[in-house]
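Here is how the chains run, residue by residue.
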Amino acid sequence: YSSFIDDLRVYVRGGTGGMGYPNLGGEGGRGGDVWFVAREKTTLKSIREKYPHKRFVAGTGANSSVKALKGEKGKDCEVHVPLGISVLDDHGKQIGELNTAGERFLAARGGLGGSLATNFLPCKGQRRTVHLDLKLIADVGLVGFPNAGKSSLLSKISHAKPEVANYAFTTIQPELGKIMYADYKQISVADLPGLIEGAHANKGMGHKFLKHVERTKQLLLVVDISGFQLSVKTQFRTAFETILLLTKELELYKEELVTKPALLAINKMDLPCAKDNLDELMTQLENPEDFLHLLEEEMIPANTLEFREVIPISTYTGEGIEELKTCLRKSIDEQAEQVNEEYRKKQLLLLQTSK
């Protein structure tokens, strides 16, 4: 992943409380808290560079005194983190999530100040090690085997400048781009490292790739019309088999991924025989159950993806690119309208039940 970091382990400790004042029954101030605050334009890499020790400790509470019987609370420690962060404890259990700018998560609570209940002795703050796990948030996630043309497609439809080459693993870190429309509407697209067979079992990029698919609203599968073969040692797969294998990898990692709205881009339509291959593929997609025998039984997904649109494209000639952008816009708008409609129905139901 080189310069891209999507997991960071940090130590957090709440501040110790202040001493109580036994003679006058004074109470020490509570220790400060450690907070994670979601902020745009922040990366885990910038956190690691700014705080190489990866330790975040809040301030100590003030002692009780004759002048101030109740000591002041210790200073809080705020750590700015990127959007799309899951906070995990050392056992891998999720204890918090930060998805929108300004959201806050209490990472470590400060200790109580000394008082009559504690024999005027202060308590230490909470301390623990946590993992900041980043999952990219994007409207559309590009899904495909290596060399399907995802990076080329992203550079065609957005202002992103991913590295493009004709060898398998060009993309070794996620790339985010934005499609800009004439009415200033923007759709974010994530090009994620290429899947390989067995990614669900953490082969290749494995989970590092698949976890980023979780936060995307929709999937755009990019498939080479001429098929795919990772190396001379691996089996050649047709475009139809590629689609089934991609579906299987998503399904094995997390079944909900297959329920996301999906579109299919058939790339490299400039190649010879592409038209004949496309006709054959469309026949297979119309009745997939008739062609499942082409794959080994363990590689057949339980549910096949239903594509909202199938768009033949060529990133080399530009064929179908504008149509693809229009289809993505339409699909995203329809999904947003559906979410709004469900929200309106829920609010109406709440209103009726409250009456």
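If you're wondering where the values come from, they're calculated on a predicted model, not measured in any experiment. (Residues numbered from 1 in each chain as written. Predicted model: local features only at pLDDT ≥ 70, side-chain atom pairs only at ≥ 80, totals over all residues. Heavy atoms only, no water.)

1. Looking at the sheet that holds strand β4 (residues 77-81)
Moving on, step 1. Read from one edge to the other, the open sheet built from 3 strands follows the order β4-β2-β7, with strand pairing classed as mixed. Lying at the two open borders of the sheet, with one neighbouring strand each, are β4 and β7 (104-108). On average, adjacent strands in this sheet sit at an angle of 30° to one another, irrespective of strand direction.
Moving on, step 2. As judged from the 4 bridges shared by strand β2 (residues 34-38) and β7, these two strands associate in the antiparallel manner. For V34, the partnering residue across the bridge sits in β7 and is A108. (Pairing = 2+ DSSP bridges. Helix = DSSP H or I, 4+ residues; strand = E, 2+ residues; numbered from the N terminus. Axes fitted to C-alpha atoms, helices over the stretch in contact; angles between N-to-C directions.)

2. Considering the pattern of salt bridges
A side chain of one charge can pair with a side chain of the opposite charge if their charged atoms are brought near each other.
Moving on, step 1. Scanning the entire structure with this criterion turns up 25 salt bridges.
Moving on, step 2. A salt bridge links D33 to R30; the shortest N-O distance between them is 3.3 Å.
Moving on, step 3. A relative accessible area of 25% means that R30 is categorised as partly exposed.
Moving on, step 4. Among the charged side chains, a salt-bridge network with shared partners connects R30, D33, K73 and D76. (Salt bridge = Lys/Arg side-chain N within 4 Å of Asp/Glu carboxyl O. Buried < 20%, exposed > 50% of the residue type's maximum accessible area, 1.4 Å probe, protein only.)

3. A few points about the packing of helix α4 (residues 239-253) against helix α5 (residues 274-286)
Moving on, step 1. With their axes 9 Å apart at the nearest point, α4 and α5 run at an angle of 40° to one another. Relative to α5, the element α4 is oriented oblique. Along its contact with α4, which presents A239, F240 and I243, the element α5 presents L281, Q284 and L285.
Moving on, step 2. Residue composition of the contact of α4 with α5, by class: 5 nonpolar, 1 polar and no charged. (Parallel < 35°, antiparallel > 145°, perpendicular 65-115°, else oblique. Contact = heavy atoms within 4.5 Å. Nonpolar A, V, L, I, M, F, W, Y, C, P; charged D, E, K, R; others polar.)

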